[in-house]
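Spelled out from the first residue to the last, the chains are:
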Amino acid sequence: MKLRKVLMFFSICLLNQFSIAQINNVSELTIKEIMQGSNFIGHLPSNVSWSNNNECIYFNWNPDSDLNDSLYAYNLKNDKITKVDFETEYGLPASKVIFNKDETKKIYTKHGDVFIEDVTTNSVIQITNTLDYEGNVHFTDFDSQVAYVKDKNIYKWNLKNGTTTQITNFLNKEKKEKERTDKDEWLNNDQLELFDILRERKEKNDIRDTLLKRFDVKKPLKIYLEGTSILNQQMSPDGNYVTYLTAKRPKNKKTIMPHYVTESGYTEDENTRSKVGDEQTEYSMYVYDIANRKTYPVVLDNLEGLDYIPEYTKDYPDRPYANENRIGYISGPTWSPDGKFPVLDIIANDYKDRWIVLLNVKEGTIENIDHQHDEAWIAGPGIGGYSGGELGWMPDNKSIWYMSEKTGYSHIYTMNVRTKQVKALTEGAFEIYHPQISKNQKHWYFIANKNHPGDRQFYSMPIHGGKFTALTNKIGKNDVTLSPDETQMAILYSYSNKPTELYVQENPMFASKEATPKQITHSTTTAFNDYSWKDPEIITFKADDGAKVHARLYQPKTDVKNKAAVIFVHGAGYLQNAHKWWSSYYREYMFHNLLVDNGYTVLDIDYRGSAGYGRDWRTGIYRHMGGKDLSDQVDGTEYLMSEYGIDKDKIGIYGGSYGGFITLMAMFNEPETFKAGAAIRSVGDWAAYNHGYTARILNTPVTDSLAYRRSSPIYFADGLQGDLLILHGMIDDNVHFQDMVRLSQRLIELGKENWEMAVYPMERHGFVEPSSWTDEYLRIYKLFEESLLGK
């Protein structure tokens, strides 16, 4: 009886909580419907590619709200969209292909097999048809053979006679006879002396083994990896050399993540990532000289600045700094089209240097070409990813092109590899994205935010630099996929309040008259279209240090304005959200519409660390996350109070991931500004996060403990005064649930009472279940209604 009363009490409380949230909502929208995500908005097109004959656009789509997206085709001739059947889809070439030098043939991998297609006849030959996975396909032997990797080793297929040859023989460890002890050695020798037959048999076996070894030289050389992993196996264009990368991976301790709701009914553990500061993978590059049957390492000792000691170490004069091997990931080689020059792209393991070097494959040595250094960390569009930046060869076979933040923004540069002459092809206070050279090699194509940081257009430019020609003009985001002959453009276009749709347009470079985009898909649902979605204003305000901060502003109508404001903090840190296209935070965007309908003003800030604004903005959080990125939020609230009449006692903040981290820092370090905050899937202690992300910004906890102390919310939890709501998935393998468990224990020990935590047993970092999204945002809305408005 008592149990029944307790259950009834909690049920009533839960229903009351969510009914309050719904009763106080005067918007046409409901939290439950907008949290259905794509089922409410519509399933948008993605992954665009073209048919070989330039007549068909393929894309993923789901207009019927099936369980998954399917492949669709738009025929330019009859203006019709059809769903592609399985057999047709299975037989289509891959979207990523590699051409031979004269572009008469192309090769690709699909379904784990290797294919070659004759471009002129469209005839396809399937080179492999196995249950194994074949990949890393490329031309070799001056385009007469196709090389690919299967189970660590390189094989090549002869275009003329169809024979397959194994080129490498990578083995884990050499099998060695167990070494005898002195006693056993004596016994062995004594036996051979005593017994003639034993001695004669041994002599015969030794002769046989010697004879058999003659066959070894006819087979690929045995190359022993000695416990390292192998990757990026590649043959030289002339077929004489193989380059490969080895990775010595340390056995770092992993974090165990329990699953509580399982099919088995038992708790099941999952091993997830380690933590920042663990021992890192050691990479080494080798060359295999096939004809001379020898391998040798690529020597990188002469990299410029390899002995660099970071500036931050000056804060620790009594602590010795050691980084004996600064070599991080090695990308390449990227060979010149004539096969003469290979280039490597190398990142330092502390992320502060990028080297582009010329490889002497015969000697295993390198020559420095370009050295990029950043006291904070190397990054930016096309520059410092986890596996190298964007680069390639110019048509002259003498110069490379690459991306650099030399001027503070990511731009295209060229360098003659012999004269070292450098030329900036683009310049200005904007960023270049995804550059590619045209088919006729006379001009470039790329995306740039030249007009406004939040507007991305597709441009062309002469191959050696010069005037930009805008090939798109609709404000927003224009992701263009060119047809094989480059005369047509398939465009995934979106605007702030208009979700992504597929358009087709003639390439103005070839059009005889002004080209206009034609909309192909209409994806949004009737329910979505029935609402008048706000077009947030892109505004700027001045931060305390004089910086110009971009933000999205949502304003309510005067008759419903309640003088309360909600600050939304986007995630990832290095991400852009104050832009003019459909946001990846589309649920949050719809929630902001609902908030505005209920009288709230919403400000969505591209704080320090955000993407799209150049190097200084990107690195503005170096060694202090929760510094300028937090003060930008505070300055935004002051702007709202001075310009829009917001009540200083009615300001809340929320966000997920990095946005959740900033929310925690705001609630702990700026309690006089923020009265309520909802922290979703938040980092509470950066020492518990992963290495690749965190070490770029904060170095490591051992080498730069000051940076971690001033950047981690758990050390400032005593400052909590307002109402805090923590929300986290229990199987989050990105930001571990353990992080918030530790923070909750800290809040308990501090005696804090004005906080709550909602947990989601079956959600990872990115929630997938509409019920979880709904529960989450009902709680957030209720928090703002009660804490900011007293309802």
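So, here is what we can say about the structure in this document. Being a predicted model, the structure only gives us computed values, none of them experimental. (Residues numbered from 1 in each chain as written. Predicted model: local features only at pLDDT ≥ 70, side-chain atom pairs only at ≥ 80, totals over all residues. Heavy atoms only, no water.)

### Concerning the sheet that holds strand E6 (residues 105-110)
Stated precisely, the cut-off is as follows: Only strands joined by at least two bridges in the DSSP assignment are considered to pair. Secondary structure elements follow DSSP: runs of H or I no shorter than four residues count as helices, runs of E no shorter than two count as strands, and numbering proceeds from the N terminus.
With antiparallel pairing, four strands are arranged side by side in an open sheet as E5-E6-E7-E8. The strands lining the two open edges of the sheet, one partner per strand, are strand E5 (98-99) and strand E8 (124-126). Pairing analysis gives three bridges linking strand E7 (residues 113-118) to E8, with the strands arranged antiparallel. Looking at the pairing, Ile116 lines up with Ile125 of E8.

### Quick word on the environment of Ser51
Inclusion rule: Exposure categories follow from relative accessible area, calculated using a 1.4 Å probe and restricted to protein chains: below 20% of the type maximum is buried, above 50% is exposed, and the middle band is partly exposed. In what follows, a contact means two residues having at least one pair of non-hydrogen atoms within 4.5 Å. N or O atoms closer than or at 3.5 Å make up a polar contact, with two conditions inside protein: a donor-capable atom paired with an acceptor-capable one, and, for residues adjacent in sequence, both atoms drawn from side chains.
Mapped onto the elements of the fold, Ser51 is located in the loop between strand E1 (46-50) and strand E2 (56-61). Judged by its relative accessible area of 9%, Ser51 is buried. Along the backbone, Ser51 and Leu194 are 143 residues apart, and their C-alpha atoms lie at a distance of 79 Å. Dropping the residues within four chain positions of it, Ser51 is found in contact with Cys56, Tyr58 and Pro484. One polar contact links Ser51 to Asn53, side chain to side chain, over a distance of 2.6 Å.

### A word on the environment of Val480
With respect to the helices, strands and loops of the structure, Val480 is situated in strand E33 (residues 477-482). C-alpha of Val480 to C-alpha of Phe668: the two residues are 188 residues apart in sequence and 44 Å apart in space. Setting aside its immediate chain neighbours within four residues, Val480 contacts Phe458, Thr472, Met489, Ala490 and Ile491.

### Examining the nonpolar core
Under the convention used in this document: Definition of nonpolar core: a set of buried residues of the types Ala, Val, Leu, Ile, Met, Phe, Trp, Tyr and Cys, connected through side-chain atoms within 4.5 Å.
Grouped together as the largest cluster of nonpolar side chains are 63 residues, with contacts concentrated most on Trp686 and Leu724. With eight residues, helix H11 (residues 658-669) is the single largest residue contributor to this core. Each residue touching Leu724, except ones within four places of it in the same chain, is listed here: Leu664, Met667, Phe668, Gly677, Ala679, Leu747, Asn754, Trp755 and Glu756.

### Quick look at unusual backbone geometry
Along the chain, Gly332 connects to Pro333 via a cis peptide bond; the corresponding omega equals 10 degrees. Its place among the elements puts Pro333 in strand E21 (residues 327-335). For Phe142, which is not a glycine, the phi torsion comes out positive at approximately 55 degrees. Inspection of the secondary structure assignment puts Phe142 in the loop between strand E9 (134-140) and strand E10 (145-150). Phi at Arg293 takes a positive value of approximately 50 degrees, unusual for a residue other than glycine. With respect to the helices and strands, Arg293 occurs in the loop between strand E19 (282-289) and strand E20 (294-297).

### Describing empty space enclosed by the protein
Short version of the rule: Of the grid points, spaced at 1 Å and generated over the protein atoms alone, those admitting a 1.4 Å probe that cannot get out make up cavities, while open sets with protein on both sides within 12 Å along at least five of seven lines make up pockets; any residue with an atom within 4 Å of a point is treated as lining. Grid points are joined across faces, edges and corners, and a volume is the space filled by probe spheres set on the points. Residues are sorted three ways: Asp, Glu, Lys and Arg are charged, Ala, Val, Leu, Ile, Met, Phe, Trp, Tyr, Cys and Pro are nonpolar, and all the rest, Gly among them, are polar.
Throughout the structure, instances matching the rule amount to one cavity of 30 Å³ or more. Estimated volume of the largest cavity: approximately 30 Å³. Along the walls of the largest cavity sit Tyr329, Asp345, Ile346, Ile347, Arg354, Ile383, Gly384, Gly385, Gly388 and Gly389, which together make up its complete lining. Looking at the lining of the largest cavity residue by residue, the classes come out as four nonpolar, four polar and two charged.

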